[in-house]
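So the chains spell out like this:
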Amino acid sequence: MAFAQEKKITVWFSKGFYKSEDESLIEAIKKFEAKTGIKVELSQYAIQDMIPKTVAALDSGTPPDVAYADTYDVQASGKWASEGKLEDLTDILTPIKGNFAPNTIETAFLYNDVTKKKAYYGFPLKQQSMHVEIWGDMLEQAGFKVSDIPKDWKGYWSFWCDRVQPAYRKASGTRAFGVGQPMGVESTDSFQSFYTFMDAYNVKLVDDDGKLLVDDPKVREGLIGALRDYTDTYIKGCSPPSSTTWKDPDNNVAFHNKTIVMTHNFTISIAAKWFEDSQNQALTPEQRAAGKKAYEETIITASFPNKPDGTPIKYRSDVKTGMIFSASKNKPEAKEFVKFLLQEENLQPYIEGALGRWFPVTTAGQKSAFWQADRHRKAVYNQFMGGTSTFDFVKNYKFTILNNENAWAKAMNRVVSEKVPVDKAVDELIARIKQVAG
């Protein structure tokens, strides 16, 4: 007698930051296999390998059934949706649409240039936003308290550069820097941070239909303000010389090594690293105690100062999406898996396994006690509750190209390394935005 063929799907996921993140994904997969009898072949790759591997698989016509990478949304999804390479997931997302918090599921609603309409080409899994990390003990050694940190834009940046840095150097006898300003062309931190500076100056590059607004003189003026402030910190010698070539982990490393007093980062992975140390049985009791002290006492997670006009910044949230491809071989089973993963009891442990690095996209997940458990997670929760906005690539996918080549960090480097005047660097940036996304 003939046996029914065992059903199986291939799933690709970028490797988690923490062991607990990967463990909770594997746990969800085991539950799915037990429930459905569908076998899951999981492959996990380093973040930087995910897009090249996916492109190669798409080119050869053998993409995985389900794929998720932290970089897909920023650098690829919109383009693949436009080219008709992604499967429409409207049928599985519409019934659960009410579970998602505002400004989350919208990121997956993309334009397909083949069908000439928008649909859900991807599933939202988690999100991240911009935070400031400060060493409270370094601030104290420099003779300041948290309450001394100005709330106004100019006063804030001047505080770290002109007051904290010289005072800390004098007190410690070390050449530490007041700020860690990510500026590397290979770093996503640099453009995410620059977006926050653009938001501080109320810069709107595109309208809701994805049309460019860069010919508006107000936009140019705002860009000049943002680029001037971003590069000034470096020019004044308040960010390490190496920050022009930093990759994503490098501002974290500089912070951990205490060569900088503060940095801005697009998750709380900096603080969470010390929490993980405090839990890590492979470390010595002294190292675990140091992790606990850093996480619970000395590291501060904070928000940006008010904008130059005095109003609070509304942060961009980057909603991370996974996908099924139109060339995937086992679409019905793949959709079953995505539906299963998006159930709260499977999604929540996966998000919380990342120790606060990712924020939930579902309203129920955001209400979890996890987000009230300590001051770092509460700070993240409060920032998200203030409302967020989406990145430009959601409205005009060609911004994924600008992010990929990092036109923003290139403009910074024109100013600091090649001594080009800020207004000229902005004009070049605007020209490039028009060339790519116009």
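For the structure, see preceding data.
The structure reproduced in this document is the subject of the present report. (Residues numbered from 1 in each chain as written. Predicted model: local features only at pLDDT ≥ 70, side-chain atom pairs only at ≥ 80, totals over all residues. Heavy atoms only, no water.)

1. A word on the overall build of the protein
Under the convention used in this document: Runs of E in the DSSP output that reach at least two residues are strands. Runs of H or I that reach at least four are helices, and both are numbered from the N terminus. This radius of gyration counts C-alpha atoms alone. The globule rule is 2.2 Å times how many residues there are, raised to the power 0.38. Here, two residues are considered to be in contact whenever any of their heavy atoms come within 4.5 Å of each other. Under the convention used here, a 1.4 Å probe and the Shrake-Rupley method define accessible areas, while residue burial counts only the protein chains that appear. A residue counts as positive if it is Lys or Arg and as negative if it is Asp or Glu; His and the chain ends are not included. A single reference atom marks each charge: NZ on Lys, CZ on Arg, CG on Asp, CD on Glu.
The helix and strand inventory of the protein stands at 19 helices and 13 strands. In terms of overall size, the protein behaves like a compact globule, its C-alpha atoms giving a radius of gyration of 22 Å where 438 residues would be expected to give roughly 22 Å. By its C-alpha atoms, the protein is 85 × 60 × 35 Å across when sized along the principal axes. Taking as baseline every contact in the protein between residues at least 6 positions apart, the subset at least 24 positions apart corresponds to 76%. Carbon and sulfur atoms make up 53% of the accessible area of the protein, which totals about 18400 Å². Across the protein, the 56 positively charged side chains and the 56 negatively charged ones have centroids separated by 1 Å.

2. Concerning the pattern of salt bridges
The condition that has to hold: The term salt bridge refers to a side-chain nitrogen of Lys or Arg lying within 4 Å of a carboxyl oxygen of Asp or Glu. Burial here depends on accessible area, computed with a 1.4 Å probe over protein chains only, as a share of the maximum for the residue type. Under 20% is buried, over 50% is exposed, and the range in between is partly exposed.
The tally for this structure, following the rule as stated, stands at 33 salt bridges. A salt bridge links Asp392 to Arg316, with the shortest nitrogen-to-oxygen separation between them at 3.5 Å. Of this pair, Asp392 sits in the loop between β13 (388–389) and α17 (399–405) while Arg316 sits in strand β11 (residues 315–316), placing them 76 residues apart in sequence. Accessibility assignment for this pair places Asp392 and Arg316 in one class, buried. For Glu405, the salt bridge is made with Arg432, and the minimal N-O distance between the two is 2.7 Å. Of the two residues, Glu405 is situated in helix α17 and Arg432 in helix α19 (residues 422–437); the sequence distance between them amounts to 27 residues.

3. Details of unusual backbone geometry
If you check the backbone angles, Lys116 has positive phi at about 65 degrees while not being a glycine. As for its position among the elements, Lys116 is in the loop between β4 (109–112) and β5 (117–120). Positive phi, normally seen in glycine, also occurs at Lys419, with a value near 55 degrees. With respect to the secondary-structure elements, Lys419 resides in the loop between α18 (407–416) and α19.

4. Comments concerning the packing of helix α1 (residues 19–36) against helix α13 (residues 331–341)
How we decide: Inter-axis angles, ranging from 0 to 180 degrees, are taken between N-to-C directions of lines fitted to C-alpha atoms, where helices are fitted over the stretch in contact. Roughly parallel covers angles under 35 degrees, roughly antiparallel covers those over 145, roughly perpendicular covers 65 to 115, and oblique covers all other angles. Handedness of a helix crossing follows the sense of rotation of the near helix relative to the far helix, less than a right angle counterclockwise being left-handed and clockwise being right-handed.
For the pair α1 and α13, the least separation of the axes is 10 Å and the interaxial angle reads 125 degrees. Classed by the angle they form, the pair α1 and α13 counts as oblique. Read as a crossing pair, α1 and α13 show a hand that is right-handed. Where α1 abuts α13, its residues Leu25, Ala28, Ile29, Lys31, Phe32 and Lys35 lie against Glu333, Glu336, Phe337, Phe340 and Leu341.

5. Some details on the nonpolar core
Just so we agree on the cut-off: Among buried residues, the Ala, Val, Leu, Ile, Met, Phe, Trp, Tyr and Cys ones that are joined through side-chain atoms within 4.5 Å form a nonpolar core.
Residues Trp160, Phe194, Leu205, Leu223, Phe399 and Trp408 are the most contacted members of the largest nonpolar core, which totals 81 residues. The dominant element in this core, judged by the number of residues it contributes, is α19, at 8 residues. Ignoring any residue separated from it by four or fewer positions in sequence, one finds Phe194 in contact with Leu223, Ala226, Leu227, Tyr230, Trp408 and Met412.

6. A look at the pairing of strand β1 (residues 8–14)
Applied cut-off: By the convention used here, strands pair only if DSSP detects at least 2 bridges between them. Handedness is read with the strands pointing away from the viewer; a crossover is right-handed when the path from the first strand over the helix to the second is clockwise.
Across the 7 residues that make up β1, a large majority, 5, are buried. Pairing geometry for β1 and strand β2 (residues 39–45), over 7 bridges, is parallel. Among the inter-strand pairings, Ile9 is bridged to a residue of β2, identified as Val40. Handedness of the crossover is the feature at issue here: the chain leaves β1, passes through α1, returns alongside β2, and the resulting connection is right-handed. Here 3 bridges tie β1 to strand β3 (residues 66–68), and the two strands are oriented parallel to one another. Within the sheet, the bridge partner assigned to Phe13 lies in β3 and is Tyr68.

7. Re the sheet that holds strand β6 (residues 123–128)
Read across the sheet, 5 strands follow the order β2-β1-β3-β12-β6 without closing on themselves; strand pairing throughout is mixed. Edge positions in the open sheet fall to β2 and β6, since each of these has one partner strand only. Averaged over all pairs of adjacent strands, the angle between strand axes in this sheet comes to 20 degrees, irrespective of strand direction.

8. Some thoughts on the environment of Arg357
Structurally, Arg357 can be placed in the loop between α14 (344–352) and α15 (363–366). Classification of Arg357 as buried rests on a relative accessible area of 11%. Setting aside its immediate chain neighbours within four residues, Arg357 contacts Phe17, Tyr18, Asp70, Gln128, Thr267, Ile268 and Ser269.

9. Topic: helix α16 (residues 375–385)
Our working rule: Within this analysis, the arc is defined by the directions that extend from the helix axis to the C-beta atoms. N or O atoms within 3.5 Å of each other form a polar contact, as long as, within protein, one can give a hydrogen and the other can take it, and as long as residues adjacent in sequence are counted only when both atoms are side-chain atoms.
Those residues of α16 that sit buried are His376, Arg377, Ala379, Val380, Gln383 and Phe384. The buried residues of α16 occupy one face: seen down the axis, they fall within an arc of 155 degrees. In this structure Asp374 caps α16, since a side-chain oxygen of it lies 3.0 Å from the backbone nitrogen of His376. One or two residues past the end of α16 sits Gly387, with phi positive at roughly 90 degrees.

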